Amino acid sequence: MNILVVGGGAREHAICDAVDRSKNVKLFSFMSNLNPGIKKLSQDYYLDKITNIEKVVEFAKLNGIDIALIGPEAPLEVGIVNELKNAGISACAPTKNAARIETDKEWMRNLLKKYKIPGQLKCKTFKDVEKAKKFIEDLDCEVALKPIGLTGGKGVKVSGDHFNSVDEALNYVKEVIENKIGGEAKILIEEKAIGEEFTLQAFSDGDTISPLPAVQDHKRLLPNDKGPNTGGMGSYSCDNGLLPFLSKSYYEEGAAILQKIVESLKKEGCKYVGPIYGQFMLTINGPKIIEINARFGDPEAMNVLPLIETDFIEICNSMLNGNLDKIKLKLKKKSTVCKYIVPKGYGVKSMVGEEIFVDEEKINSKDSILFYASVNKEGNIVKTTSSR
Ligand code: AMP
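Heads up: these notes are all about the structure in this document. (Residues numbered from 1 in each chain as written. Predicted model: local features only at pLDDT ≥ 70, side-chain atom pairs only at ≥ 80, totals over all residues. Heavy atoms only, no water.)

Within the protein, the regular secondary structure consists of 13 helices and 19 strands. Its C-alpha atoms give the protein a radius of gyration of 20 Å, within 12% of the compact-globule value 21 Å for 388 residues. Reported as C-alpha extents along the three principal axes, the dimensions of the protein are approximately 60 × 45 × 40 Å. Counting only residues that meet the buried cut, the protein has 52% of its 388 residues in that class. Here the analysis covers contacts within the protein between residues at least 6 apart in sequence; of these, 66% occur between residues at least 24 apart. Both charge centroids of the protein, one from 54 positive and one from 53 negative side chains, sit 1 Å from each other. (Helix = DSSP H or I, 4+ residues; strand = E, 2+ residues; numbered from the N terminus. Rg over C-alpha atoms; globule rule 2.2 N^0.38 Å. Buried < 20%, exposed > 50% of the residue type's maximum accessible area, 1.4 Å probe, protein only. Contact = heavy atoms within 4.5 Å. Lys, Arg positive; Asp, Glu negative; His and termini not counted. Charge placed at Lys NZ, Arg CZ, Asp CG, Glu CD.)

If you want it as structure tokens, here you go:
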């Protein structure tokens, strides 16, 4: 089987690694940076913007791709799955409409309301700063402010972390509305959830989900929750699939929420096939939904994908064929820690184009796995980009 992976970060390297461990596969990749780990595993690769869907489809056709796997959200938003399907290529990822669960936060919250899904937070969208003011005041300024569309993980601002007064909150509300941050002259304001955050990723065939071990990631740049929020500095999971603060029943509540979301997406006429990601806050009132993503998380993919012992492509096929319930997911009983190594200045202003020396042999000899992230291979030299 010929498999295409789209994306050139560490999450995609982890996906490629899972594909490489499957039987009878040939891997092809499409990325915007030359990830040396992905290159090594691929029969062939193509370098271009990953939202250049036409090129992705052309490359997929040229290589007789049977299944495409999409790492990041940006190509999903522009309908990569729809275009691949039009060209007769299966993709184990959601269509443009189903991916709205991530790409349109207002639509996502409305879906939760319509289907009375548990774990909701008080929330409302606003186009008008004055009306937003009343809502923020009513919630004692304990709010999260969110642009409606994708912002590369940098658009959300939370009270206590990013602002401390109604005036400061309103400045950001104004900025988002006036500059159409996230694509619309609108903002979503949510009640702030207080507790411990956790991630639950699952496979979905559109009817059933198969949940994976819970993961907690660390967004702050520095130890002890100091410094600015980043895309994620690292993450961990435990051998029992739970987390030190997460009991089995709360884990199951989270999984039941994801299951209900998948069911409601089907009722809305946009069946969800592929990996789905739930970010939850475990509050004193149980798990609350912070966000849903239409893909694996980064870094969380690096925790769970290496644990999967079941043939990964067999899982992908069962998602596509609608018989995920027939697959017994086999996982290694191991705890995992993922640690990102980032360019100097990351989170503020990264040093781009710096040479990196990686001793792959030594890393592998320590029972560790190395995943390359957004680095670039130029000749024989690996260099930093502005990202992790
Ligand atoms: P997002 O970009 O949606 O992942 O949000 C970034 C981070 O903001 C999340 O990981 C949470 O830590 C925080 N956050 C988002 N929404 C809320 C909320 N309603 N309450 C508390 N924290 C939130």
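Further remarks concern the pattern of salt bridges. Tallied over the full model, the rule gives 23 salt bridges. With its nearest N and O atoms 3.8 Å apart, the salt bridge here joins Lys 271 to Asp 207. Placement of Lys 271 in the loop between helix H10 (248-267) and strand E14 (274-283) and of Asp 207 in the loop between strand E10 (196-204) and strand E11 (209-211) is noted, with a sequence separation of 64 residues between them. The exposure class of Lys 271 is partly exposed, given its relative accessible area of 39%. For Glu 378, the salt bridge goes to Lys 383, with nearest N and O atoms at 3.4 Å. Salt bridges linked by common partners bring Glu 73, Glu 102 and Arg 295 together as one network. (Salt bridge = Lys/Arg side-chain N within 4 Å of Asp/Glu carboxyl O.)

This paragraph deals with helix H12 (residues 312-321). Residues of H12 that are buried include every one of Phe 312, Ile 313, Ile 315, Cys 316, Ser 318 and Met 319, and no others. Residues of H12 that are buried in the fold lie against strand E1 (2-6), helix H1 (10-20), strand E4 (67-70), E10 and E14. At the N-terminal end of H12, a side-chain oxygen is found 3.1 Å from the backbone nitrogen of Ile 313, two or three residues along, and the residue is Asp 311. Just downstream of H12, Gly 322 is the residue with a positive phi angle, here 75°. (Polar contact = N/O pair within 3.5 Å; in protein donor to acceptor, adjacent residues only side chain to side chain.)

Let us look at the site of the ligand. Of all residues adjacent to the ligand, which total 14 residues, the nearest are Lys 146, Glu 190, Ala 193, Glu 197 and Glu 291. Lys 219 places a polar side-chain atom, nitrogen or oxygen, 3.3 Å from an oxygen atom of the ligand. Out of a free accessible area of 480 Å², the ligand has 89% covered by protein chains. Elements represented by at least two residues in the shell around the ligand include exactly strand E7 (143-147), strand E9 (187-191) and strand E15 (286-293). Classifying every residue of the shell around the ligand by side-chain character gives 7 nonpolar, no polar and 7 charged. (Near = heavy atom within 4 Å. Areas by Shrake-Rupley, 256 points an atom, 1.4 Å probe, with all protein chains shown as cover. Nonpolar A, V, L, I, M, F, W, Y, C, P; charged D, E, K, R; others polar.)

Formed by 52 residues in total, the largest nonpolar core has its most connected members in Leu 4, Ile 70, Ile 80, Leu 84 and Ile 261. Once residues lying within four places of it in the same chain are set aside, the contact partners of Ile 70 are Val 6, Pro 75, Leu 76, Ile 80, Val 81, Leu 84 and Ala 93. Counting 37 residues, the second-largest nonpolar core is a separate cluster that includes Val 5, Ile 67, Val 304 and Ile 315. (Core = buried A, V, L, I, M, F, W, Y, C linked by side-chain atoms within 4.5 Å.)

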